[in-house]
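A structural walkthrough
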Amino acid sequence: QVHLVESGGGLVQAGGSLRLSCEASGRTFSSYAMGWFRQAPGKDREFVGCINWNGLSTRYGDSVKGRFTISRDNAKNTVYLQMNSLKPEDTAVYYCAAVYTAQLPLFSQYDYAYWGKGTQVTVSS
């Protein structure tokens, strides 16, 4: 069992940056692959990116590739989502998710067992 809490969301102008954090409870964080998803009002949940247990392998959704970067610090039980060159269409609730001992890629929300409650990101034009 792992409990996830996202933070770092907020309001930013287009072209700006934000860094989201997701802190996990538990002593086996390094055994989990982690993912980020987002959901805008009236839209389906969208894959943003994922990272394997040691941080050496990542995957990104096409809409964020080259702008967003996922990283993790297993000593701090935290995964990060660095978001640069933000666009109004990046506005959404961002969720982190975890799955135990899984291999990448993990593109589907159904691949993940644990979810945080989300953090709002709003990008103004």
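Reading guide: rules and limits
- Residues numbered from 1 in each chain as written.
- Predicted model: local features only at pLDDT ≥ 70, side-chain atom pairs only at ≥ 80, totals over all residues.
- Heavy atoms only, no water.
- Helix = DSSP H or I, 4+ residues; strand = E, 2+ residues; numbered from the N terminus.
- Rg over C-alpha atoms; globule rule 2.2 N^0.38 Å.
- Buried < 20%, exposed > 50% of the residue type's maximum accessible area, 1.4 Å probe, protein only.
- Contact = heavy atoms within 4.5 Å.
- Areas by Shrake-Rupley, 256 points an atom, 1.4 Å probe, with all protein chains shown as cover.
- Lys, Arg positive; Asp, Glu negative; His and termini not counted.
- Charge placed at Lys NZ, Arg CZ, Asp CG, Glu CD.
- Core = buried A, V, L, I, M, F, W, Y, C linked by side-chain atoms within 4.5 Å.
- Polar contact = N/O pair within 3.5 Å; in protein donor to acceptor, adjacent residues only side chain to side chain.
- 1 Å grid on protein atoms, 1.4 Å probe; cavity = no way out; pocket = protein on both sides within 12 Å on 5 of 7 lines; lining within 4 Å.
- Points joined across faces, edges and corners; volume = space filled by probe spheres on them.
- Nonpolar A, V, L, I, M, F, W, Y, C, P; charged D, E, K, R; others polar.
- Disulfide = S-S within 2.5 Å.
- Pairing = 2+ DSSP bridges.
- Axes fitted to C-alpha atoms, helices over the stretch in contact; angles between N-to-C directions.

A closer look at the overall build of the chain
Secondary structure assignment for the chain yields 0 helices and 11 strands. Relative to the globule expectation of 14 Å for 125 residues, the C-alpha radius of gyration of the chain, 13 Å, shows essentially globular dimensions. Considered along the principal axes of its C-alpha atoms, the chain spans approximately 40 × 25 × 25 Å. The buried share among the 125 residues of the chain stands at 45%. Sequence separation of at least 24 residues holds for 59% of the intrachain contacts in the chain that already meet a minimum separation of 6. Just so you have it, the chain exposes about 6,500 Å², and 47% of that area is on carbon and sulfur atoms. Side-chain charges of the chain comprise 12 positive and 9 negative groups, with the mean position of each set lying 4 Å from the other.

What about the nonpolar core?
Residues Met34, Trp36, Leu81, Met83 and Tyr94 are the most contacted members of the largest nonpolar core, which totals 28 residues. Where this core is concerned, the elements lending two or more residues are β3 (18–24), β4 (32–39), β5 (46–51), β7 (68–73), β8 (78–83), β9 (92–100) and β11 (119–124). Excluding anything up to four places from it in sequence, Leu81 contacts Leu18, Arg19, Leu20, Trp36, Val48, Phe68, Thr69, Ile70 and Tyr94. The next biggest cluster of nonpolar side chains, apart from the first, holds 10 residues, and it includes Cys50, Ala97, Ala102 and Leu106.

Notes on the side chain of Asn52
Within the secondary structure, Asn52 sits in the loop between β5 and β6 (58–60). Of note is the side chain of Asn52, whose polar atom sits 3.1 Å from the backbone nitrogen of Gly55. Other than its neighbours up to four places away in sequence, Asn52 contacts Ala33, Ser57, Arg72 and Leu104.

Let's talk about the layout of surface pockets
A volume near 170 Å³ is recorded for the largest pocket. Along the wall of the largest pocket there are 13 residues; nearest its centre are Arg38, Lys43, Glu46, Glu89 and Asp90. Taken together, the residues that form the lining of the largest pocket break down as 2 nonpolar, 3 polar and 8 charged.

Notes on the state of the cysteines
Here a disulfide denotes one covalent bond, and it connects the sulfur atoms of two cysteines. In total, this model carries 1 disulfide according to the counting rule given. With its sulfur 1.9 Å from that of its partner, Cys22 forms a disulfide with Cys96. The disulfide joining Cys22 to Cys96 has a torsion of about 45° about its S-S bond and is therefore right-handed. Taken together, the positions of Cys22 in strand β3 and Cys96 in strand β9 put the pair 74 residues apart, joining distant regions of the chain. Between Cys50, a cysteine without a disulfide, and Cys96, which holds the nearest cysteine sulfur, the sulfur-to-sulfur distance is 13 Å. Residue Cys50 is classed as buried on the basis of its relative accessible area, which comes to 0%.

Comments concerning the side chain of Thr119
With respect to the helices, strands and loops of the structure, Thr119 is situated in strand β11. Within the structure, the side chain of Thr119 is placed 3.3 Å from the backbone nitrogen of Gly9, a separation counted as a polar contact. The contact partners of Thr119, leaving out residues within four places of it in the chain, are Glu6, Ser7, Gly8, Gly9, Leu20, Ala92, Val93 and Tyr94.

Comments concerning the sheet that holds strand β1 (residues 4–7)
One open sheet accounts for 4 strands, arranged β1-β3-β8-β7; its pairing is antiparallel. Edge positions in the sheet fall to β1 and β7, since each of these pairs with one other strand and no more. Recorded for the sheet is a direction-independent mean angle of 15° between the axes of neighbouring strands. Here β3 pairs with β8 via 6 bridges, running antiparallel. Along β8, the bridge assignment pairs Cys22 with Val79.

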